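What follows is each chain in one-letter form.
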Protein chains: 2
Amino acid sequence: MHISELDTPALTVDLDVLERNINNMAALCREIGINLRVHTKTHKAPEIAKMQVAAGSQGITCQKLGEAEAMVDAGLEDILIPYNIVGKRKVRRLTQLVKRAKMTVALDSETTAEGISEQAQADGCSMRVLIEMDTGSRRCGVQSPQAVLELAQKVTNMPGLDFQGIMTYPSNVRAKPFIEEAVDLLSEAGMPINIISGGGTGSEQASKDIGCTETRSGSYVYEGMTRISGSATLNPERCALRMIVTVVSTPTDDRIIIDGGAKTFTSYPPTPYGHVVGHPDIKIHGMSVEHGHIDVSESQHKFRVGERLAVIPLHQGMTSNLHNELVAVRNEQVEAVWQIAGRGKVK
Amino acid sequence: MHISELDTPALTVDLDVLERNINNMAALCREIGINLRVHTKTHKAPEIAKMQVAAGSQGITCQKLGEAEAMVDAGLEDILIPYNIVGKRKVRRLTQLVKRAKMTVALDSETTAEGISEQAQADGCSMRVLIEMDTGSRRCGVQSPQAVLELAQKVTNMPGLDFQGIMTYPSNVRAKPFIEEAVDLLSEAGMPINIISGGGTGSEQASKDIGCTETRSGSYVYEGMTRISGSATLNPERCALRMIVTVVSTPTDDRIIIDGGAKTFTSYPPTPYGHVVGHPDIKIHGMSVEHGHIDVSESQHKFRVGERLAVIPLHQGMTSNLHNELVAVRNEQVEAVWQIAGRGKVK
């Protein structure tokens, strides 16, 4: 089927670009000498995760337990959840996953560690654990290298837990003193560190430089507009994702309306929300819930109702999260329709 | 099951509040003397749409064709789609729906009208049509009363189309001269107007005053924080929606992290993203993808990892659109789990 036959809005991925992005990142990490553990938050599609693992990623990262379950269901075997898993119901699901895949989980408190330890004991399994550090992002994470050591010692002494190392996000030069001191303290205490996990896309060399053993790069897979806009030249050819939309109204000469709005693209500013391929002179300046508002006053093109446009969404991960299906395309032909199986798995 | 047993984040609706909101709006519209045709965009749940119809709504409104299909599948029988349905594939789906329910559709161009007319003829059915007007919102809609008349005449002359009236959004006093002139022109031309459709929540009296016969009120069903914040007193008791979340990290004394972020609540500013029930002195000041960041520096309460909070989301429709299920609760007991069947039906 040609993409012109797809009903709209249709979320599509160009397989040539996708494969190139995946291979380029795998090659970059090999060259740098850092393990790649791709973050699946951007696509949430098991088929793409499998392509990434086949290209050399040593496993995957899922931010939520429900996403990890979806990935294990699809056959993924090595998953890091860099997120505090809290609550009896959740911890029970986590220990069930340990029976089906190699699971590692990050945590930043004794309370979280105890909850996992208790359930792991009850289920007779062992849970691989990283300590999450706050090296400047002011989100989760213990606040000092000394606190890393103290929590690592507690984890080591809790039955059912297997201390594996440390993690942070993002990994930049500011994190270096924190990480080095934590590593020193852990080494002095005779505690082995197998993993120092950092991320994400764009910080692979920085992660290596500050001592990380792995990078949780994710957004590179589609190559987002945000990162590309920051560089000198906008190059849509590197962006794998396209939303195919239809012009549904041309009410005035300076404005057209497309059939995708905030519930198709996300409503998160800043404008222009996305880049309309082939029309650098038009601008998506507004999103109501189901309408996209485009300013065409600078364009010479005469847009018609029924005309189709391809939009590179500004926020590729947030956009993917709104859709159930991803249409895999090569040379404008549909090759497959993939389930975004991790979508909506917020629990 | 008590709500404390729900895994989090869990999107819940309080049935007592929901029923009160539904009954109050139905009563208000009866009092004003305007038909209510509820907009389902806020909840996208057929069970709630049925409650609204049972309370007196003369039918429902769906912004997208896929949502209308989900509602017809669930047994809803009278649906307005105030949206240009464009493209062969979509128009075919629309005419299929006409065989199963009383359907009305809005349009603003001859091209859209022709597409529907052709398919309606091919399928031997008749499609009820409203003309969409741009009375100031600068979205879709014809630009003048004269343009309403011209398009209405074309629609009337197209086989398979049944001209029913006009629609606008929003309906406020600015729209009055436009609507009155359009009505005059149509009346002079001997064209009957059965429906003048306006919306939404909060503009019921204004809609009546400017001549509308029906109001497409939607957000009243949950009673959003946005509207309530605008009034003199914040009254969370009127808000039916609650996201039950868990505190997963308490990294510093002034900050806690909950297990819901932009993919649970939407990322759309402005802060505070939502109101934490029972804690007026704490503020959700940030959302990363899966973490909600709360400033607790003004609170005397000592938050613990594992503690559960109930959050009224700022954007109730956008939030609902991220979830597959809605947990219906009364007196903190789970009564049902409803599918948000219209979610993700962007096509």
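Residues numbered from 1 in each chain as written. Chains lettered and ligands numbered in written order. Predicted model: local features only at pLDDT ≥ 70, side-chain atom pairs only at ≥ 80, totals over all residues.

## Focus on the overall build of chain A
Looking only at helices and strands, chain A has eleven helices and 18 strands in total. Over its C-alpha atoms chain A spans a radius of gyration of 22 Å, differing by no more than 12% from the 20 Å that the globule rule assigns to 347 residues. For chain A, the spread of C-alpha atoms along the three principal axes comes to 70 × 40 × 35 Å. Sorting the 347 residues of chain A into buried and exposed places 56% on the buried side. (Helix = DSSP H or I, 4+ residues; strand = E, 2+ residues; numbered from the N terminus. Rg over C-alpha atoms; globule rule 2.2 N^0.38 Å. Buried ≥ 20, exposed ≤ 12 C-beta atoms within 10 Å, placed from the backbone.)

## Things to note about the sheet that holds strand 7 (residues 127-132) of chain A
All names here are of chain A. If you walk across this open sheet you meet the nine strands as 2-10-9-8-7-6-5-4-3, and the pairing is parallel. The sheet is open, and its two borders are formed by strand 2 (35-36) and strand 3 (38-39), each paired with just one other strand. Across four bridges, strand 6 (residues 102-107) lies against strand 7 in parallel orientation. Residue pairing in the sheet places L107 in a bridge with I131 of strand 7. (Pairing = 2+ DSSP bridges.)

## Looking at the relation of the copies chain A and chain B
In the superposition of chain A on chain B (RMSD 0.0 Å, axial shift 0.0 Å), the rotation amounts to 180 degrees. One copy is carried onto the other by what is essentially a two-fold rotation axis. Comparing contact sets, 100% of the residues at the interface of chain A also lie at the interface in chain B, consistent with an isologous, same-surface contact. (Least-squares fit on C-alpha atoms with pLDDT ≥ 70 in both. Contact = placed C-beta atoms within 7 Å.)

## Regarding the confidence of the model for chain A
All names here are of chain A. On average, residues of chain A score 94 in pLDDT, and 95% of them are at 70 or above. Low pLDDT (under 50) marks residues 227-233, which in the prediction has eight contacts with non-local residues, meaning those over four places away or in another chain. Scoring of the predicted complex yields 0.95 for pTM and 0.95 for ipTM. (pLDDT = per-residue confidence, 0-100.)

## Digging into the interface of chain A and chain B
Opposite the 52 residues of chain A that make contact, chain B presents 52 residues. Counting residues per element, the ones that place at least two in the side of chain A that touches chain B are helix 4 (88-98), helix 5 (110-123), strand 11 (241-252), strand 12 (255-258), helix 10 (262-265) and helix 11 (316-320) of chain A. For the side of chain A that touches chain B, the leading source of residues is strand 11 of chain A, giving five residues.

## Side note on the environment of A:S288
Assignment of secondary structure puts A:S288 in the loop between strand 14 (283-287) and strand 15 (292-295). On a C-alpha basis, the gap between A:S288 and A:R255 in space is 14 Å, while along the polypeptide they are 33 residues apart. Residues in contact with A:S288, not counting those within four places in the same chain, are A:G261, A:A262 and B:R139.

## Notes on the domain arrangement of chain A
All names here are of chain A. For chain A, the assigned domains read domain 1 (3-10 + 225-339) and domain 2 (16-221). With centres defined by C-alpha atoms, the gap from domain 1 to domain 2 works out at 33 Å. With three residues, the top contributor of residues to the side of domain 1 that touches domain 2 is helix 11. For the side of domain 1 that touches domain 2, the per-class residue count stands at three nonpolar, five polar and three charged. (Domains from an automatic or database assignment. Nonpolar A, V, L, I, M, F, W, Y, C, P; charged D, E, K, R; others polar.)

## Overview of helix 7 (residues 176-188) of chain A
Residues and elements named next belong to chain A. Over its 13 residues, helix 7 runs 18 Å from end to end, which matches the ideal 18 Å to within 8%, given 1.5 Å per residue. Those residues of helix 7 that are buried lie in contact with helix 6 (145-157), strand 8 (161-167) and strand 9 (195-198). Looking one or two places after helix 7, you find G190, whose phi comes out positive at around 75 degrees. (Expected span 1.5 Å × (residues − 1).)

## Structural notes on the packing of helix 6 of chain A against helix 7 of chain A
Any two packed helices are characterised by how steeply their axes cross, that is the angle between the axes, and by the distance between the axes. Residue and element names in this part refer to chain A. Closest axis-to-axis distance for the helix 6/helix 7 pair is 8 Å, and the angle between their directions is 40 degrees. Between helix 6 and helix 7, the angle falls in the class oblique. The interaxial crossing formed by helix 6 with helix 7 has right-handed handedness. On helix 7, the residues that touch P145, Q146, V148, L149 and A152 of helix 6 are F178, E181, A182, L185 and L186. Here the contact of helix 6 with helix 7 is composed, by residue class, of eight nonpolar, one polar and one charged. (Axes fitted to C-alpha atoms, helices over the stretch in contact; angles between N-to-C directions. Parallel < 35°, antiparallel > 145°, perpendicular 65-115°, else oblique. Left-handed = near helix turned anticlockwise from the far one by under 90°.)

## Examining the sheet that holds strand 9 (residues 195-198) of chain B
Residue and element names in this part refer to chain B. With respect to topology, nine strands assemble into an open sheet ordered 2-10-9-8-7-6-5-4-3, the strand pairing being parallel. A single partner strand is all that each edge strand has here, and the edge strands are strand 2 (35-36) and strand 3 (38-39). This element, helix 6 (residues 145-157), spans strand 7 (127-132) and strand 8 (161-167) of the sheet and lies at about 160 degrees to strand 8.

## Comments concerning the pairing of strand 1 (residues 10-14) of chain B
Residue and element names in this part refer to chain B. Within strand 1, five of the five residues are buried, which leaves the element mostly enclosed by the surrounding structure. Relative to strand 11 (residues 241-252), strand 1 runs antiparallel, the two being bridged by four bridges. Bridge pairing in strand 11 links A10 to I244. Here strand 1 runs beside strand 17 (residues 325-330); their pairing, made up of three bridges, is parallel. Paired with V13 across the strands is A328, a residue of strand 17.

## Re helix 6 of chain B
Taking 1.5 Å of rise per residue, 13 residues should cover 18 Å, and helix 6 of chain B covers 19 Å from first to last C-alpha, within 8% of that figure. Every buried residue of helix 6 of chain B is listed here: B:P145, B:V148, B:L149, B:L151, B:A152 and B:V155.

## So, the environment of B:L18
Residues and elements named next belong to chain B. Within the fold, L18 resides in helix 1 (residues 15-32). C-beta crowding within 10 Å serves as the criterion here: with 22 such atoms nearby, L18 is assigned to the buried category. When the C-alpha positions of L18 and L241 are compared, they lie 8.5 Å apart, and in sequence the two are 223 residues distant. Filtering out sequence-adjacent residues up to four positions away, L18 remains in contact with V13, V221 and A240.

## Thoughts on the pairing of strand 12 of chain A
All names here are of chain A. Here strand 12 shows two buried faces, one formed by R255 and I257 and the other by I256 and I258. Sheet topology note: the strand 11/strand 12 ladder contains three bridges and is antiparallel. Along strand 12, the bridge assignment pairs T252 with R255. What sits between the antiparallel neighbours strand 11 and strand 12 is a turn of two residues. For strand 12 and strand 15, the ladder comprises four bridges, and the chain directions are antiparallel. Pairing of I258 across the sheet is with G292, part of strand 15.

## Here we look at the packing of helix 4 of chain A against helix 5 of chain A
All names here are of chain A. Where helix 4 contacts helix 5, the axes come no closer than 9 Å and their chain directions differ by 50 degrees. Between helix 4 and helix 5, the interaxial angle falls into the category oblique. Helix 4 and helix 5 meet at a crossing whose hand is right-handed. Two secondary-structure elements touch here, helix 4 through V91, R92, L94 and T95 and helix 5 through G115, I116, Q119, A120 and D123.

## Considerations on unusual backbone geometry
All names here are of chain A. Cis geometry marks the peptide bond from T8 to P9; its omega dihedral reads -5 degrees. Across the junction of G199 and G200, the peptide omega takes the value -5 degrees, indicating a cis bond. Inspection of the secondary structure assignment puts G200 in the loop between strand 9 and helix 8 (204-209). Not every positive phi belongs to a glycine, and E332 is a case in point at roughly 70 degrees.

## Things to note about the environment of B:I256
All names here are of chain B. Positionally, I256 belongs in strand 12 (residues 255-258). Residues I256 and T42, 214 residues apart in the sequence, show an inter-C-alpha distance of 29 Å. Setting aside residues up to four positions removed in sequence, I256 forms contacts with V247, S249, T250, I294, V296 and F303.

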